[in-house]
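Next come the chains, spelled out residue by residue.
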Amino acid sequence: MTAGRPPIPADEAERVAALRALALLDTPSEERFDRITRTAQRVLNVPIALITLVDTDRQYFKSCQGLGVSETPRSASFCAHAIAADDILHVRDALEDPRFVRNPLVLGSPYIRFYAGKPLQSVSGHRLGTLCVIDIVPRNLTEDEASTLIDLAAWAELELAVITMSQAVRQRDQLQRRLRTVAESVPLGLALLDPAHGITAANSSLSALTGLSTDALVGAPLNRLLSDRTTANRPLVLTVPGEMDAVLTAADGSRRDVRVSCAPLQDDDGGALVAVISDVTAQRAVERLKDEIISVTGHELRTPLTAIRGSLGLLAAGIGGGLAPDSQRLVDSAVRNTERLIRLVNDMLDVERLAAGQLPMQLGPADLADVATAAGDGLLQVAAEAGVGLHVEADGPVPVVGDRDRLIQVATNLVHNAIKFSSVGATVHVKAALADDGATLTVEDSGDGMDAADTERIFERFTQLDTGANRAGAGAGLGLAIVRGIVEAHSGTVTVTSAPGQGSTFEVRLPHASGARP
Amino acid sequence: MTRRVLVIDDEPDIREITALTLERLAGWEVLIASNGSDGARLAVDGRPDAVLLDVMMPDVDGEATARLIRANCDLRELPIVLLSAATQLPAWAEELGVLGLVAKPFDPIGLPDQVRAELGW
């Protein structure tokens, strides 16, 4: 039976997909197709005229004149043979054609003898089925009749194309409705702009933000609604593509802080832009409040601390008269703890300002050897009180570009930590040295060390390792966060090499800055 | 000859401690003013050798006080050192010929040396 089996086209998968996409299988008959088959039946004078669609296992009759069935198996289908090529399949007498001589539709009802089918192409170029005419007696399709069949098939193809087009239009409309819903439901002002930055379309969020109706927004230049955040009242200069901070003045005169991002519309040659405007008023207010709190805290805490420290310092030094030994101990304790409080306040303010990128840095030529020596000198007494040796090694200058005071703060924090975690009798080694790619400052202790897992964590804010070490000397866990912040502000890195029981070595690497090379 | 310094600060406790420290530890004569306007007047009338100036003060702040002082041609060269809760010199300090800054809170025992260092005394 294989001789009679219709071939499977090379584009079968795409062909079936295109057929299914038309959504014509198993649908009621339609006048738009029936008028074509009726015309074919009448003009070509045949008892049967069909528009067939060749599905995976069957051929479905979308339009059918002269037959009482709606589909037949694909294996017995003449049309499945016809769609193997573009031209008309013309079978004068099925009983004389080896492909069809044993076909059940030939041997049984409807006893086909004559068949002529013209394949119907989808818009995408796949042959989906045919317009075919059938007779139960042998006959010949004349050239005129072939031309008629081709014309009628072109008509049927046109109807298929109309279906595809209306589907595309429906899809486009649906997509547009969805996009409009998205644009209307996002809490962001959206505007389409023409090249002169005039608004051509705006969403309701922008309307709410500006207090202008979407109709009133159309035609308005966007930059007239927005002014520069830094120099108020000057219209915003839009950079494309780009993000800008701006102030938006609403119709009622109220002002909002906004962030504007502008991008060219893809696939638009006319230079149209899309602008996204987000209201950041609340966010800016929080930022301003935070800045204010930091600034006020700085001043309001430092002023009483200055008085307390001053008074206690003078008392401890005997300026107010000599103190009895017990009183002296109490005053000394108060001095020490005041200093600790001052360090904490300073560290917290530094951490906040580093996080906000607002810690002022005065970069200039600096000497890392001098930095190491200064930090060491400042901690000699702390080291002596802890019974820890302090060895600063710096042979010759180690020039870097940096803020000397801030680098001393880095070295001081590292050395202070090293002293804190050292046992009595141990020595902390501090070394400044030139490196190929810059300069290094290393601080090495022989303390308890730490797990590898902790070597990154310790640089985070408020992190303290529970080492069971001298808790009295522990701080708020800010020192190393400040170290990292300052070092990174110098484009440098800080790392620690450590293992439990093996001590810790902190290494600060600062890059060569241009002109800083010796 | 005894040095004479003018301390301008709106906080009474800070003024007193600063004055006490400089008088007792450095042996200087200390003039005090509790606001910028009085301070600028005393900078003329009191003939100080140097001014220790607070930065954050109500009404006439440190910058305005420094401008008032510099507006007097006799005081163009009067050494000014800031006594401030800030850790770095403000932008206007250079323009007004401010010599340096002592950060609050300061260690009273070290204060005379810190001031001497900033003044070059």
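Computed from a predicted structure; not experimentally measured.

A. Inspection of the overall build of chain B at higher detail. Scanning chain B for helices and strands turns up 5 helices and 5 strands. Counted from the first residue to the last, chain B has its helices and strands arranged as β-α-β-α-β-α-β-α-β-α. Per-residue burial for chain B yields a buried fraction of 50% across its 121 residues. Counted over contacts in chain B with a minimum sequence separation of 6, partners at least 24 positions apart contribute 61%.

B. Seen up close, helix α2 (residues 36-45) of chain B. Within α2 of chain B, burial applies to Gly 36, Gly 39, Ala 40 and Ala 43 of chain B. For α2 of chain B, the angular spread of the buried residues around the axis is 100 degrees, confining them to a single face.

C. Main features of the interface of chain A and chain B. The interface of chain A with chain B comprises 20 residues on the first partner and 18 residues on the second. In total, about 1,800 Å² of surface goes out of reach between chain A and chain B, with carbon and sulfur atoms giving 67% of it. In this structure, the connection of chain A to chain B is made through 0 salt bridges. Our enumeration of links across chain A and chain B arrives at 4 residue pairs in polar contact (both at pLDDT 80 or more). Within the residue set of the side of chain A that touches chain B, elements represented by two or more residues are α9 (281-316) and α10 (325-355) of chain A.

D. Broad picture of the pairing of strand β10 (residues 242-249) of chain A. Residues and elements named next belong to chain A. Sheet topology places strand β9 (residues 226-228) next to β10; 3 bridges connect them, and they run antiparallel. Within β10, the position partnered with Ser 227 by the bridge is Val 247. Where β10 and strand β11 (residues 255-264) come together, 8 bridges link them in antiparallel fashion. Each residue of the ladder has a partner; that of Met 244, found in β11, is Val 260.

E. Local environment of a nonpolar patch on the surface. All names here are of chain A. A cluster of nonpolar side chains, namely Leu 341, Leu 344, Met 348 and Phe 462, defines an oily patch on the protein surface of about 360 Å² accessible area. For Met 348, the location among the structural elements is in helix α10. On the basis of relative accessible area, Met 348 is assigned to the partly exposed category, the value being 39%.

F. Layout of the packing of helix α13 (residues 404-420) of chain A against helix α15 (residues 479-489) of chain A. Residues and elements named next belong to chain A. Here α13 crosses α15 at 145 degrees, and the two axes come no closer than 9 Å. Here the hand of the crossing between α13 and α15 comes out left-handed. Each of Arg 406, Gln 409, Val 410, Asn 413, Leu 414 and Asn 417 in α13 lies in contact with α15, whose residues at this interface are Gly 479, Leu 480, Ile 482, Val 483, Ile 486 and Val 487. Classifying every residue of the contact of α13 with α15 by side-chain character gives 7 nonpolar, 4 polar and 1 charged.

G. Just the packing of aromatic side chains, in detail. All names here are of chain A. Summed over the entire model, instances satisfying the criterion amount to 4 aromatic pairs over all chains. Ring geometry for Phe 459 against Phe 506: centres 6.1 Å apart, planes inclined by 80 degrees, an arrangement best described as edge-to-face. With Phe 459 in the loop between α14 (454-457) and α15 and Phe 506 in strand β19 (residues 504-511), this residue pair connects regions lying 47 residues apart in the sequence. Using a relative accessible area of 7% as the deciding quantity, one classes Phe 506 as buried. Grouped by ring-pair contacts, the aromatic residues Phe 78, Phe 100 and Tyr 115 constitute a single cluster. The lysine or arginine in question, Arg 139, covers the ring of Phe 114, its NZ or CZ lying 5.3 Å from the ring centre.

H. Broad picture of the sheet that holds strand β5 (residues 100-103) of chain B. Residue and element names in this part refer to chain B. Strand order in the open sheet formed by 5 strands is β2-β1-β3-β4-β5, and the pairing between neighbours is parallel. Two strands in the sheet have a free side with no partner beyond their single neighbour: β2 (29-33) and β5. Strand-to-strand twist of the sheet, defined as the mean angle between neighbouring strand axes without regard to direction, takes the value 25 degrees. In the sheet, strand β4 (residues 80-84) pairs with β5 via 4 bridges, with the strands oriented parallel. Paired with Leu 83 across the bridge in β5 is Val 102.

I. Region of interest: the pattern of salt bridges. All names here are of chain A. Using the criterion set out here, one finds 37 salt bridges over all chains in the structure. Between Arg 38 and Glu 31 there is a salt bridge, with the nearest N and O atoms lying 2.7 Å from each other. For Arg 38, a relative accessible area of 34% corresponds to the partly exposed category. Here Arg 284 makes a salt bridge to Glu 287, at a shortest N to O gap of 3.4 Å. Placement of the pair is Arg 284 and Glu 287 together in helix α9, with a separation of 3 residues, close to one helical turn. What makes Arg 284 buried here is its relative accessible area of 7%. Here the salt bridges share partners, and the residues they tie into one network are Arg 20, Asp 26, Asp 55, Arg 58 and Glu 71.

J. Representation of helix α1 (residues 12-22) of chain A within the structure. Residues and elements named next belong to chain A. Turning to α1, its buried residues number three or more, namely Glu 12, Arg 15, Val 16, Ala 18, Leu 19 and Leu 22. Down the axis of α1, the buried side of the element spans an arc of 160 degrees, and every buried residue falls inside it. Along its buried surface, α1 packs onto β1 (48-54), β6 (127-135) and α5 (143-185). Downstream of α1 by a residue or two, Ala 23 has a phi angle that is positive, lying close to 60 degrees.

Reading guide: rules and limits
- Residues numbered from 1 in each chain as written.
- Chains lettered and ligands numbered in written order.
- Predicted model: local features only at pLDDT ≥ 70, side-chain atom pairs only at ≥ 80, totals over all residues.
- Heavy atoms only, no water.
- Helix = DSSP H or I, 4+ residues; strand = E, 2+ residues; numbered from the N terminus.
- Buried < 20%, exposed > 50% of the residue type's maximum accessible area, 1.4 Å probe, protein only.
- Contact = heavy atoms within 4.5 Å.
- Arc of directions from axis to C-beta.
- Buried area = accessible area lost by both parts, 1.4 Å probe.
- Salt bridge = Lys/Arg side-chain N within 4 Å of Asp/Glu carboxyl O.
- Polar contact = N/O pair within 3.5 Å; in protein donor to acceptor, adjacent residues only side chain to side chain.
- Pairing = 2+ DSSP bridges.
- Patch = residues over 30% accessible without salt bridge, like charges linked within 9 Å, V, L, I, M, F, W, Y side chains within 5 Å.
- Areas by Shrake-Rupley, 256 points an atom, 1.4 Å probe, with all protein chains shown as cover.
- Axes fitted to C-alpha atoms, helices over the stretch in contact; angles between N-to-C directions.
- Left-handed = near helix turned anticlockwise from the far one by under 90°.
- Nonpolar A, V, L, I, M, F, W, Y, C, P; charged D, E, K, R; others polar.
- Phe/Tyr/Trp six-rings, centres within 6.5 Å; stacked < 30°, edge-to-face > 60°.
- Lys NZ or Arg CZ within 6 Å of the ring centre and 35° of its normal.

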